[in-house]
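# Notes for the structure review
Chain by chain, the residues run as shown.
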Amino acid sequence: MSETTLRVSKIKDGTVIDHITAGHALDVIKILGITSRVNGIVTVGMNVPSKTLGLKDMVKIEGRELKSQEVDKIALLAPHASINIIRNYEVVDKQLVRLPKVIRETVKCANPVCVSNSKEPVKSTFYVDNEEPLRLRCHYCGYIMEKQDIPKQF
Ligand code: CTP
Ligand code: ZN
């Protein structure tokens, strides 16, 4: 990006979550537990023009790296996101998010009578039947979860 079109400034140390599916930046903020009480610089870009995605969202967090379960949750909502680790203004690592074939203990089954929602000690387990559009199949009851069922849980 040239100086004349730079919309969101570069960061010194931290993580840039780039190529977030437009419309999901605030879900990513929620997944990361960022609230008004968090200190440290957080920059959010929404509906930023992208060469590959049309429009994209991005979230830049100073002074923080992400946990793998946070990355899995981001992958559910933003399957094209890239996670860039920045040290002293340079990109030192770039990873594309990816969904595992099986997702455990990350999402809750939307079927109220599913055994995973009872008091039984079973851990939620879903199979990724399709990545885009997202289709997750519950191991216990076969219920199909779609993308719109996910953000409200986070
Ligand atoms: N970035 C940043 N601060 C830095 C360095 C990079 O905020 N000190 C951001 C860039 O603005 C970009 C992302 O981190 O959104 C990845 O940077 P870079 O790899 O330099 O950009 P691209 O080559 O455009 O990335 P890609 O190939 O993933 O599109
Ligand atoms: Zn279920």
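Here the structure is a predicted model, which is why all the values come from computation and not from measurement.

## Quick notes on the coordination of the zinc ion (ligand 2)
Each angle at a metal carrying four tetrahedral donors should ideally be 109.5 degrees, and each at a metal carrying six octahedral donors should ideally be 90 or 180 degrees. Here the zinc ion (ligand 2) is held by Cys 109 (SG), Cys 114 (SG), Cys 138 (SG) and Cys 141 (SG), and the distances to it run 2.3 to 2.4 Å. Coordination geometry of the zinc ion (ligand 2): the four donor atoms subtend angles of 104 to 114° at the metal centre, consistent with an arrangement described as tetrahedral. The sequence motif formed by the donor residues of the zinc ion (ligand 2) is C-x4-C-x23-C-x2-C. The class of Cys 141 is partly exposed, set by a relative accessible area of 33%.

## Here we look at the site of ligand 1
What surrounds ligand 1 is the set Lys 10, Ile 11, Val 16, Asp 18, His 19, Lys 60, Asn 84, Ile 86, Tyr 89, Val 91 and Lys 94. Backbone polar atom of Ile 11 to a nitrogen atom of ligand 1: 2.7 Å apart, as the coordinates give it. In the complex, 67% of the free accessible area of ligand 1, which totals 600 Å², lies under the protein chains. Elements represented by at least two residues in the shell around ligand 1 include exactly strand S1 (14-21), strand S4 (82-87) and strand S5 (90-96). Residue contributions to the shell around ligand 1 peak at three residues, all from S1. In terms of residue class, the shell around ligand 1 is made up of five nonpolar, two polar and four charged.

## So, the domain arrangement of the chain
One frequently used descriptor of interface size is the decrease in accessible area upon assembly of the parts. Annotation of the chain at the domain level lists domain 1 (14-96) and domain 2 (102-153). Taken together, the contacts link ten residues of domain 1 with twelve residues of domain 2. With both chains or domains summed, domain 1 and domain 2 bury close to 850 Å², and 63% of this area falls on carbon and sulfur atoms. If you sort the residues of domain 1 by the area they bury against domain 2, Gln 69, Leu 76 and Leu 77 come out on top, with a joint share of 54%. For the pair domain 1 and domain 2, the interface holds zero salt bridges. In this assembly, domain 1 and domain 2 are joined by five residue pairs in polar contact (both at pLDDT 80 or more). Of all the secondary-structure elements, those providing two or more residues to the side of domain 1 that touches domain 2 are helix H1 (25-31) and helix H2 (68-77). If one sorts the elements of the side of domain 1 that touches domain 2 by residue count, H2 sits on top with four residues. Considered class by class, the residues forming the side of domain 1 that touches domain 2 number three nonpolar, four polar and three charged.

## Considering a nonpolar patch on the surface
On the surface, a cluster of nonpolar side chains totalling about 270 Å² of accessible area is made up of Leu 26, Val 44 and Met 46. In this fold, Leu 26 is placed in helix H1.

Reading the values: rules and limits
Residues numbered from 1 in each chain as written. Chains lettered and ligands numbered in written order. Predicted model: local features only at pLDDT ≥ 70, side-chain atom pairs only at ≥ 80, totals over all residues. Heavy atoms only, no water. Donors = N, O, S within 2.8 Å, 3.2 Å for Na, K, Ca; no water. Tetrahedral: all angles 85-135°; square planar, octahedral: opposite > 155°, others 65-115°. Buried < 20%, exposed > 50% of the residue type's maximum accessible area, 1.4 Å probe, protein only. Near = heavy atom within 4 Å. Polar contact = N/O pair within 3.5 Å; in protein donor to acceptor, adjacent residues only side chain to side chain. Areas by Shrake-Rupley, 256 points an atom, 1.4 Å probe, with all protein chains shown as cover. Helix = DSSP H or I, 4+ residues; strand = E, 2+ residues; numbered from the N terminus. Nonpolar A, V, L, I, M, F, W, Y, C, P; charged D, E, K, R; others polar. Domains from an automatic or database assignment. Contact = heavy atoms within 4.5 Å. Buried area = accessible area lost by both parts, 1.4 Å probe. Salt bridge = Lys/Arg side-chain N within 4 Å of Asp/Glu carboxyl O. Patch = residues over 30% accessible without salt bridge, like charges linked within 9 Å, V, L, I, M, F, W, Y side chains within 5 Å.

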